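Observations on the model geometry
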Amino acid sequence: MKKKLLIILALVLTIAVTVIAAACGNGTPAQSVLFNTASKVWGKDDGREILLFDVVRGETTIGTYEMTGECVIDVDIALGEETVEKARGTYFTSRLSVSENGVDTEIVTQSYLNTRFMVQKSYRKTTTVKEGVTTISEIIGTYNEDDYVYVYKVNDEEKRADEISHGDFTSSAYADNDFIYQLARLISVTGALSFDVPYYNYDVDGALSNVTMETVSATVIGTTAPSQEGEEAAKGFTGMRGDFADGTGKSYFGGTIGISLTRDFPGSGTSFTCDVITSVTEDGKNTALTYPLPGRITEDEITYLLKSETRE
């Protein structure tokens, strides 16, 4: 895999939302606009949602991406080698597995948010195998009241530890980097949001050099809607896979969300777009989905295409 791809895939940004008020979240002013939509996705009785994507470069499928989200109430959850006992809030995980140019890469993430939807802890483990040599890097993050503390390890050896400050959560949203794709789906309902995230900066060799706190903007940049009576049939979003593939007799419609930093990228990342499905048309009848789905994510030369959505 080209180093650029690894870095792009590793530099996923994120935002914060709220979950169900009764059990999994109480929105602060910065997050309250997301509350109603989020509670429909990760409510206390809805189980664990699993989204599966194909990862595609051009016409070539190079891997898979799985992300999950669930409301947890007095449940023990894993964050790397640490266990958070009787966690209450929201738990996100993801697993990206790609193979390209003789390099196999797997990125596993875990993020925990409390009942106020303030991110508490995060963990990211990146494993690469090239010419029989395995390299493992880890980022362990902890969010305190006014700072983000992290430890960066390579092959279990600590390389860097530092902290950076962030604003007051009640007036200026901040969040972690590892579940942006889960949450971009909600912006199609809210319209726009700005927030701060710790941004990972990498050197030319692909090693983490430092972390800075950056501002991210998320806006709706386009929409697609089903055709009205008498109009030519609209195709909606195309190119998805599996349960959402073209040719299934269904068409999917929604909004396109743009996510970008308010700074110039130093050659190690890019803004991205997410096509969020909000309704489906079958046999000429359009039905709104109970909650929005991230159907297609485009980040530089890489596209993630939704294959399935299940709950357990």
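Use the structure listed above.
Let me sum up the structure you'll find in this document. (Residues numbered from 1 in each chain as written. Predicted model: local features only at pLDDT ≥ 70, side-chain atom pairs only at ≥ 80, totals over all residues. Heavy atoms only, no water.)

The next point concerns the pattern of salt bridges. Counted by the stated rule, this structure contains 17 salt bridges. The residue aspartate 178 makes a salt bridge to arginine 124 at a minimum N-O spacing of 2.2 Å. On the criterion of sequence distance, the pair formed by aspartate 178 in the loop between β8 (157–165) and α3 (180–190) and arginine 124 in strand β5 (residues 119–130) is long-range, its members being 54 residues apart. Assigned by exposure class, aspartate 178 and arginine 124 land together as buried. Note that lysine 159 is salt-bridged to glutamate 157, the shortest N-O span being 3.8 Å. Given a relative accessible area of 48%, lysine 159 falls into the partly exposed group. Each of Glu49, Arg185, Glu309 and Arg311 takes part in one network of salt bridges that share partners. (Salt bridge = Lys/Arg side-chain N within 4 Å of Asp/Glu carboxyl O. Helix = DSSP H or I, 4+ residues; strand = E, 2+ residues; numbered from the N terminus. Buried < 20%, exposed > 50% of the residue type's maximum accessible area, 1.4 Å probe, protein only.)

With that settled, consider the packing of aromatic side chains. Under the criterion given, the structure shown has 10 aromatic pairs. Judged by centre distance (5.2 Å) and plane angle (55°), the rings of tyrosine 181 and tyrosine 304 are tilted. Of the two residues, tyrosine 181 is situated in helix α3 and tyrosine 304 in strand β14 (residues 302–311); the sequence distance between them amounts to 123 residues. Tyrosine 304 shares its class with tyrosine 181; the two are buried. Here the aromatic cluster, defined as three or more aromatic residues joined through ring pairs, consists of Phe53, Tyr65, Tyr181, Phe272 and Tyr304. (Phe/Tyr/Trp six-rings, centres within 6.5 Å; stacked < 30°, edge-to-face > 60°.)

This brings us to a negative patch on the surface. Taken together, Glu145, Asp146, Glu163 and Asp168 make up a surface patch of like negative charges. Looking at the element boundaries, glutamate 145 is found in the loop between β6 (133–143) and β7 (147–154). (Patch = residues over 30% accessible without salt bridge, like charges linked within 9 Å, V, L, I, M, F, W, Y side chains within 5 Å. Areas by Shrake-Rupley, 256 points an atom, 1.4 Å probe, with all protein chains shown as cover. Lys, Arg positive; Asp, Glu negative; His and termini not counted. Charge placed at Lys NZ, Arg CZ, Asp CG, Glu CD.)

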